[in-house]
Amino acid sequence: MARRGAPVDVVGVGRTFALAGDEVTALSGFDMHVPAGGFIALIGPSGCGKSTALRLVAGLDTPDEGTIDMDGSSPDEMRRGQRIGVAFQDPSLLPWRTVTTNIRLALELVGRRHDTKAVDELVELVGLQGFEKARPSQLSGGMRQRVAIARSLVTKPDLLLLDEPFGALDALTRQQLNDELQRIWTARGTTTILVTHSIPEAVYVADEVLVMSPRPGSVVARHTIGFERPRTRELLLTDRFHAEVEAVSASLHRSEGQVVQLDTDPS
Amino acid sequence: MSATAETAATAPARPAGGSRLDRVPPRVLSSAVGIAVLLLWELLARTVYAGSYRLSPPTAVVVEFFEFRGLYLRNLWHSTKTAAWGFLWGNLAAMALAVASTLLPWLRRSIGAVVLTVFCLPFIAIAPILRLITGPGNATPIALSALAVVFTTYVAALLGFDLAPGSALDVVRSYGRGRLTAFRSVRVRASVPALFAGLQIAAPAAFLGAVVGEFTGAHRGLGILTVRALGALQTDRIWVIAVMATIVATGGYLAIGALGRYLCPWSPALDVGAVPVPHAEPGLLNRLAGLLAPIAVVFVFWYAFLWVFGIEPFFAKTPVDVWAELFSVSEAPETRSIIFGALGTTLWTTSLGYVVGLVGALASALVFILVPWLERALMPIAVALRSIPIIVTTPVIILFVGRGLLTTTAIVAVMSFFPTLVNCYTAMTRTPEGILDVLRSYDASSTANVRNAYLPTSVPALLASARIAVPTSLLGATVAEWLATGDGIGAVMVTAFTRNDFKILWVSVAVLTIVAVIGYWLVAAFELRTLERMASGISR
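Residues numbered from 1 in each chain as written. Chains lettered and ligands numbered in written order. Predicted model: local features only at pLDDT ≥ 70, side-chain atom pairs only at ≥ 80, totals over all residues. Heavy atoms only, no water.

1. Overview of the overall build of chain B
Okay, step 1: Secondary structure summary: chain B contains 22 helices and 0 strands in total.
Okay, step 2: Taking 540 residues into account, the globule formula puts the C-alpha radius of gyration at 24 Å, and chain B, at 24 Å, falls close to it.
Okay, step 3: For chain B, the spread of C-alpha atoms along the principal axes amounts to about 75 × 70 × 45 Å.
Okay, step 4: Of all intrachain contacts in chain B linking residues separated by at least 6 positions in sequence, the fraction that spans at least 24 positions is 79%.
Okay, step 5: Summed over all atoms, the accessible surface of chain B reaches about 25,300 Å², with 70% contributed by carbon and sulfur.
Okay, step 6: Looking at chain B, you have 37 positive and 25 negative side-chain charges, and the mean spots of the two groups are 6 Å apart. (Helix = DSSP H or I, 4+ residues; strand = E, 2+ residues; numbered from the N terminus. Rg over C-alpha atoms; globule rule 2.2 N^0.38 Å. Contact = heavy atoms within 4.5 Å. Areas by Shrake-Rupley, 256 points an atom, 1.4 Å probe, with all protein chains shown as cover. Lys, Arg positive; Asp, Glu negative; His and termini not counted. Charge placed at Lys NZ, Arg CZ, Asp CG, Glu CD.)

2. Description of the nonpolar core
Okay, step 1: Membership of the largest hydrophobic core comes to 120 residues, with the highest contact counts inside it found for A:F30, A:M32, A:L42, A:V57, A:L159, A:L161 and A:I193.
Okay, step 2: Here this core takes 11 residues from helix α20 (residues 446-485) of chain B, the largest share from any one element.
Okay, step 3: The contacts of A:M32, once residues within four sequence positions are left out, are A:V8, A:D9, A:V10, A:I40, A:L42, A:V57, A:I193, A:L210 and A:R222.
Okay, step 4: Residues B:L76, B:A203, B:I397 and B:A516 belong to the second largest nonpolar core, which totals 105 residues. (Core = buried A, V, L, I, M, F, W, Y, C linked by side-chain atoms within 4.5 Å. Buried < 20%, exposed > 50% of the residue type's maximum accessible area, 1.4 Å probe, protein only.)

3. Let's talk about the sheet that holds strand β2 (residues 22-34) of chain A
Residue and element names in this part refer to chain A.
Okay, step 1: Read across the open sheet, the 3 strands follow the order β2-β1-β4; overall the sheet is antiparallel. Sheet topology places β2 and β4 (65-69) at the edges, where each strand pairs with a single neighbour. Each strand axis lies, on average, 25 degrees off the axis of its neighbour in the sheet, ignoring direction.
Okay, step 2: Judged from the 4 bridges that link them, strand β1 (residues 8-19) and β4 form a sheet pairing that is antiparallel. (Pairing = 2+ DSSP bridges. Axes fitted to C-alpha atoms, helices over the stretch in contact; angles between N-to-C directions.)

4. Let's talk about the packing of helix α3 (residues 99-109) of chain A against helix α5 (residues 141-153) of chain A
Residue and element names in this part refer to chain A.
Okay, step 1: In contact at an axis separation of 7 Å, α3 and α5 are set at 35 degrees when each is read in the N-to-C sense. Judged by the sense of rotation from one axis to the other, the crossing of α3 with α5 is right-handed. Residues V99, N102, I103, L105 and A106 of α3 form the contact with α5, whose participating residues are V147, A150 and R151.
Okay, step 2: Residue composition of the contact of α3 with α5, by class: 6 nonpolar, 1 polar and 1 charged. (Left-handed = near helix turned anticlockwise from the far one by under 90°. Nonpolar A, V, L, I, M, F, W, Y, C, P; charged D, E, K, R; others polar.)

5. Here we look at the side chain of B:S191
Okay, step 1: Inspection of the secondary structure assignment puts B:S191 in the loop between α9 (179-190) and α10 (192-215).
Okay, step 2: Discounting residues that sit within four places of it in the chain, B:S191 has contacts with B:A157, B:G160 and B:F161.

6. With respect to the domain arrangement of chain A
Residue and element names in this part refer to chain A.
Okay, step 1: The domains assigned to chain A are domain 1 (8-83 + 159-261) and domain 2 (92-156).
Okay, step 2: Here domain 1 and domain 2 have C-alpha centroids that lie 25 Å from each other.
Okay, step 3: Contact with domain 1, which involves 13 residues of that partner, is made by 14 residues of domain 2.
Okay, step 4: For the pairing of domain 1 and domain 2, the buried interface totals around 1,300 Å² over both sides, and the portion due to carbon and sulfur atoms is 61%.
Okay, step 5: For domain 1, the biggest contributors to the area lost against domain 2 are Q82, I184 and R188; these three give 42% of the whole.
Okay, step 6: Between domain 1 and domain 2 we count 2 salt bridges in total.
Okay, step 7: Put simply, E121 and R188 hold a salt bridge, and the shortest N to O gap is 3.5 Å.
Okay, step 8: Within the residue set of the side of domain 1 that touches domain 2, elements represented by two or more residues are β6 (159-163) and α6 (171-188). (Domains from an automatic or database assignment. Buried area = accessible area lost by both parts, 1.4 Å probe. Salt bridge = Lys/Arg side-chain N within 4 Å of Asp/Glu carboxyl O.)

7. Quick notes on the domain arrangement of chain B
Many structure descriptions define interface size as the accessible area lost when the parts assemble.
All names here are of chain B.
Okay, step 1: If you check the domain split of chain B, you get domain 1 (25-53), domain 2 (56-278) and domain 3 (317-540).
Okay, step 2: Distance from the C-alpha centre of domain 1 to the C-alpha centre of domain 2: 31 Å.
Okay, step 3: Across the domain 1/domain 2 interface, buried area totals approximately 670 Å², and carbon plus sulfur atoms make up 67% of it.
Okay, step 4: Taken together, domain 1 and domain 2 are joined by 0 salt bridges.

8. Details of the interface of chain B and chain A
Okay, step 1: Taken together, the 27 residues of chain B in the interface contact 30 residues of chain A.
Okay, step 2: Summing the contributions of chain B and of chain A, the shared interface buries around 2,400 Å²; its carbon and sulfur component is 61%.
Okay, step 3: When residues of chain B are sorted by the area they lose upon contact with chain A, B:S441, B:Y442 and B:N452 head the list and together hold 28% of the total.
Okay, step 4: For the interface between chain B and chain A, the tally reads 3 salt bridges.
Okay, step 5: If you look at where chain B meets chain A, you find 6 residue pairs in polar contact (both at pLDDT 80 or more).
Okay, step 6: Sorting the residues of the side of chain B that touches chain A by element identifies α1 (3-10), α19 (433-441), α20 and α22 (502-534) of chain B as the ones contributing at least two each.
Okay, step 7: Here the side of chain B that touches chain A gets 7 residues from one element, more than from any other, and that element is α19(B). (Polar contact = N/O pair within 3.5 Å; in protein donor to acceptor, adjacent residues only side chain to side chain.)

9. Focus on the side chain of B:S56
Residues and elements named next belong to chain B.
Okay, step 1: Looking at the secondary structure, you find S56 in the loop between α2 (26-46) and α3 (58-67).
Okay, step 2: Here D236 takes part through its side chain, which lies 2.4 Å from a polar atom of the side chain of S56.
Okay, step 3: In this structure S56 touches W41, A45, V61, T235, D236 and W239, once residues within four positions along its chain are discounted.

10. Things to note about helix α4 (residues 116-125) of chain A
Residues and elements named next belong to chain A.
Okay, step 1: Within α4, burial applies to A118, V119, L122 and V123. The buried residues of α4 all sit within an arc of 135 degrees when viewed along its axis, so they share a single face. Facing away from the buried surface of α4 by more than 90 degrees, the exposed residues are K117 and E124.
Okay, step 2: Considering only its buried residues, α4 is in contact with α3, α5 and α6. (Arc of directions from axis to C-beta.)

11. Observations regarding the environment of A:F17
Residues and elements named next belong to chain A.
Okay, step 1: Take F17: it is sitting in strand β1.
Okay, step 2: On the basis of relative accessible area, F17 is assigned to the buried category, the value being 8%.
Okay, step 3: A C-alpha to C-alpha distance of 9.6 Å links F17 and D64, two positions 47 residues apart in sequence.

12. Focus: the packing of α5(A) against α6(A)
Residues and elements named next belong to chain A.
Okay, step 1: Where α5 contacts α6, the axes come no closer than 11 Å and their chain directions differ by 15 degrees. If you check the angle between α5 and α6, you find them roughly parallel. As α5 packs across α6, the resulting crossing turns out to be right-handed. Residue-level contacts link G142, Q145, R146 and L153 of α5 to T173, Q176, L177, E180, I184 and R188 of α6.
Okay, step 2: When the residues that make up the contact of α5 with α6 are grouped by side-chain class, the tally is 3 nonpolar, 4 polar and 3 charged. (Parallel < 35°, antiparallel > 145°, perpendicular 65-115°, else oblique.)

13. Some points on the sheet that holds β6(A)
All names here are of chain A.
Okay, step 1: On the basis of which strands lie adjacent, the open sheet formed by 6 strands has the order β5-β6-β7-β3-β8-β9 and mixed pairing. Edge positions in the sheet fall to β5 (84-87) and β9 (219-224), since each has one partner strand and no second. Put simply, the sheet's adjacent strands are angled 15 degrees from each other on average, direction ignored.
Okay, step 2: Relative to strand β7 (residues 191-196), β6 is paired through 5 bridges, and the arrangement is parallel. The partner of L162 across the bridge, within β7, is L194.

Here is the structure:
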């Protein structure tokens, strides 16, 4: 079966952008540890640098300070080694390609274009049988996201990075895709980092939820989620689940409150 | 541009090896390139091309201008005035037609067909025909200048009227008011940005029309001055004229662009070249009617033109006469072999030139995408050159390349190069960041990026440019042939013109126009099919 995922160690990472002559610090002192095969959810207020953190781990951007290490490799080495799969809020499919060929794109890019079995397997895994020949414009938003997820998985990456992949979807579709994501993750054991706005989503799918402060972003709380797997929708109705959601929610509100205090502090 | 701030925040660290030149301001880079080109030009003209009549050194051009500045400024003023009148009348006509098309939708197809046909006319050859009506004065260049702007302004105004927000139109309708009120209160205002984009293109086009009108005979103006200088091999003079024409045409383009931005600061830059092609209505009968009605209207106009101006039968040829000339009179086979033989030559050299320009433009656009500092150095120059009516500079190219089949190819290549480059590059820069991120996350090679992202995203712009390029390339080719090469249908027309053989002239004009219209529609049909197949994801 699949390789076990890579562990991710992020220590003291900072990233500052120059914006219209101004400097904006997106991340500062950001720490994160994801064990091999772990599933981490990053949650925080808008603009707290969640996506920046993910892009740094993906090797799409480089930190100004701090280190990111994955199994002895830098993000850039991971990227160059083609060991990463990404899916963003925008599915970013190629409109002129079909479902199958969009998924195959990732294989083409890593030089394994003939691995048709992997493509077929994933089409089935994300439930798109019968739509193999459809183009993105003929698919619903949820189906497009599934294609993007399938594309991110088809190369059997050691690290899966998801930036609000279900952000633009309705609640029902979203829940359905979360179930599938969990199923896929259980089957593959890929190290996964999910950036999300939704607390219930984070609590439902992740082993650990990291709560981030507003800009400059850093991790202010960690919640280990101990629910047994596979998690089912019944879990959503339990008091344990609600208590966990409440706890994360409280951390999130505290994190925002702290900064307001810091800002108003005259010293 | 607002994109700068955004890219600063989201742009990924470019792969290491980004050149230090990336930090030099674009103005400095472009100026440096401009000066380098001037120096190289001077050097070449003084050494390799010295005494060859092919290339004038920039210093000689300046000296020539000041020595005969009275002559030059007088003629420049004359041509500019002609172009200004043409600009005025042509744009008024275009806007009136666009208003009619919007208020009376059932007229739209027919008006569109007439306007397209006008755009496809070989202007250089209809000058002698127009002169029959207008006499030897300045009216023919003005008329040509007006005809040269009708199509683009019509398309732009129509696009503008159509861009009116549907919800605003519904508000007007909900108060029980009709189309006219909606037009007055919503559409007119909404059309301003698109209209200005069209008027901007019309400025150099009007100048082109005026100069082409003067090529075939006028008392004054840059066109006739060029033709005389070409006959006398006065290289410096031809260069001075080309430079002046370029400056005035580009100045008009920039001035109207600035006015448009001043009047509608909220509006993004609109690309009128990218107007979507109309969808065919369903049903075979509808389609047939949609095809035949415009053709019928064009023929009605043809007859009306002859009748209104009461042109004598010796000069005036009806569609029936043209048909007879080609297919039923005794010398028809000979006429056919002359016309179609020459047409073959023209189409062949034109297509070759177009493909050369296209391949060059695509390659340059890709180089610009992959090497940002080169783009910053050269793109401003390409954007400026795009607005130049290249046809006006035909004599310069004739001198440089020589008189032969290659001249036509060179002119068409230069004509297609700049618009295709600018349009395709702009489209490539709009490749969604998300797609590029996905490619980057797999460490995709430049080749993979080009194949999977940049090239496909530029296809709509490429096809839109190609559609417009069909008539303009044929115009460029016939002008070159008329003035210089002695080959192709342009040469057939100039021979007929000098012999007062109006039969051949009319037949050539008709055949060329039909070929251009068919070419335009073939590209449009291909464009529609491709866009449908590539899905809406990348079109605007």
